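# Reading the structure
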Amino acid sequence: MAAAAFLRGAATGRGGLAWLWRLRAVPRHRLAHGSSRHCDYPAGGAAWACFPLGERALVRVRGPESAPFLLGLLTNELPFPCPADSATSAPASAGYAHFLNVQGRTLYDVILYRVPEHPDQVPAFLLECDSLVLGALQKHLVLHKIRRNVTVEPCPELCVWALLPHSPGSPEEAGRAALLREQEGTAILSRDPRTASMGWRLLAQDEGPALVSGGRLGDLQDYHRHRYLQGIPEGVRDLPPGVALPLESNLAFMNGVSFTKGCYIGQELTARTHHMGVIRKRLFPVQLLGPLPAGGIAPSTTVFTESGQAAGKYRAGQGDVGLALLQLEKIKGPLHIRTAGSGCVALAASVPDWWPTSIK
């Protein structure tokens, strides 16, 4: 009965940071799946699906001033530091946040990993983003760096993996996660900070299934279907830069915003909306019912009520599942999308189990 903890190895990687970790057994803890409660180490005994997220990329931000630099740009607090040389330390610390423009609209959604620190190392963070905006995010960071002692660089040596239970519908199996095999290699393991229903995140040079005890290579379409059913937006298709508003995109539900931290770009509108308590639209998981057009449903297609009133817009999806930005007062009635040739496709919105009960 053991789980994986990261111990600092002897090898040194890019930028003078130690990236080689030896995996060592420590007492396991149960992973809570299917709720928004945070959990500890993944425990052994269940097969897990490992999904290679090739559409996600990593940016490394390091330097003595990296923490205050990022705090002035992100909607959330930074993950707490985690010592690199403790055999009983928690998994790598991670958080979720958005970069906003000056109008308070989302530019980039990121999962932020704080690299475990050694006393002789400068603070370092890894920002997981949509690979389509990797260059744009780097330019955004460099633009605001000014004279800060910070280095911004890509991190192509690590790949992003998502770990989900092989049988998420089984209560017994859903409560257990995988063991990292005892071997040397570059790896960072962390709970997905958005919600427990999204499992774990693994950053590694090696193949995910090779690192995970009982791990099996998963079909990427299954990952995206699970994500859409859970109502989790990810990347520029779901969160168009300069269009999506963070609170309408459920950033607060996904632990992605702090209303007590210091100033950051785009804070004014976000804070005012929160304190006024008025959010009339939200991004909902939706299921399309009936035959679909050959090319699928186009982004920004209008969603109508039974009486023909506009209820919102379809955002993005895969097959018969996706996300739609809908008015709260209109989600309970019949909804549909009009297609070419005077056709229509029925649409059903749902409220994820992990959302606050006040919304249900």
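Below or above, wherever it landed, is the structure these notes cover. On a predicted model such as this, the values are computed, not experimentally measured, just so you know.

### Description of the overall build of the chain
- When helices and strands are tallied, the chain shows six helices and 19 strands.
- In the chain, buried positions account for 54% of the 360 residues.
- Contacts in the chain between residues far apart in sequence, at least 24 positions, make up 71% of those at least 6 positions apart.
- Total accessible area on the chain is roughly 15,600 Å²; 53% of this is exposed by carbon and sulfur atoms.

### A word on the sheet that holds strand 18 (residues 335-339)
- Read around the closed barrel, the six strands follow the order 14-17-16-15-18-19; overall the barrel is antiparallel. On average, adjacent strands in this sheet sit at an angle of 40 degrees to one another, irrespective of strand direction.
- In this structure, strand 16 (residues 310-318) lies alongside strand 17 (residues 321-327), joined through six bridges in antiparallel fashion. Its bridge partner being in strand 17, Gly-317 is matched across the sheet by Gly-322.

### Some thoughts on the sheet that holds strand 6 (residues 106-114)
- Ordered by their spatial adjacency, five strands build an open sheet running 5-6-7-4-8, and the pairing between neighbours is antiparallel. Across the chains shown, the open sheet's two edge strands, defined by having one partner strand only, are strand 5 (93-100) and strand 8 (151-154). The average undirected angle you get between the axes of adjacent strands in this sheet is 25 degrees.
- Sheet topology note: the strand 5/strand 6 ladder contains eight bridges and is antiparallel. Note on strand 6: the bridge partner recorded for Tyr-96 is Ile-111.
- Running at roughly 20 degrees to strand 4 (residues 56-62), helix 2 (residues 134-145) makes contact with strand 4, strand 5, strand 6, strand 7 (124-130) and strand 8 of the sheet.

### Brief notes about the nonpolar core
- Ranked by internal contacts, the top residues of the largest apolar core, which has 51 residues, are Leu-58, Leu-126, Leu-203, Tyr-314, Leu-326 and Leu-347.
- At five residues, strand 17 tops the list of elements feeding residues into this core.
- Phe-69, Leu-73, Leu-74 and Leu-137 belong to the second-largest nonpolar core, a separate cluster that totals 23 residues.

Conventions used here
- Each chain carries its own residue numbering, running from 1 in the direction its sequence is written.
- With pLDDT at 70 or above as the cut-off, local features in this predicted model cover only qualifying residues; side-chain atom pairs require 80 or more to be listed or tallied, and sums for whole chains, interfaces and linings still use all residues.
- In computing side-chain values, all of the structure's heavy atoms are included and hydrogens and water are not.
- Helix and strand labels come from DSSP, where a helix needs a run of H or I of at least four residues and a strand needs a run of E of at least two; each type is numbered from the N terminus.
- For every residue, the accessible area (1.4 Å probe, protein chains only) is compared with the maximum for its type, and the residue is labelled buried under 20%, exposed over 50%, or partly exposed between those bounds.
- Here a residue-residue contact requires only that any non-hydrogen atoms of the pair lie within 4.5 Å.
- Residue burial considers only the protein chains on display, and all accessible areas are found by Shrake-Rupley using a 1.4 Å probe.
- Strand pairing follows a simple DSSP-based rule, namely that at least 2 bridges must link the two strands.
- Convention adopted: a line fitted to C-alpha atoms gives each axis, helices being fitted over their contacting stretch, and angles between N-to-C directions are expressed from 0 to 180 degrees.
- Note on terminology: a nonpolar core comprises buried Ala, Val, Leu, Ile, Met, Phe, Trp, Tyr and Cys residues joined through side-chain atoms within 4.5 Å.

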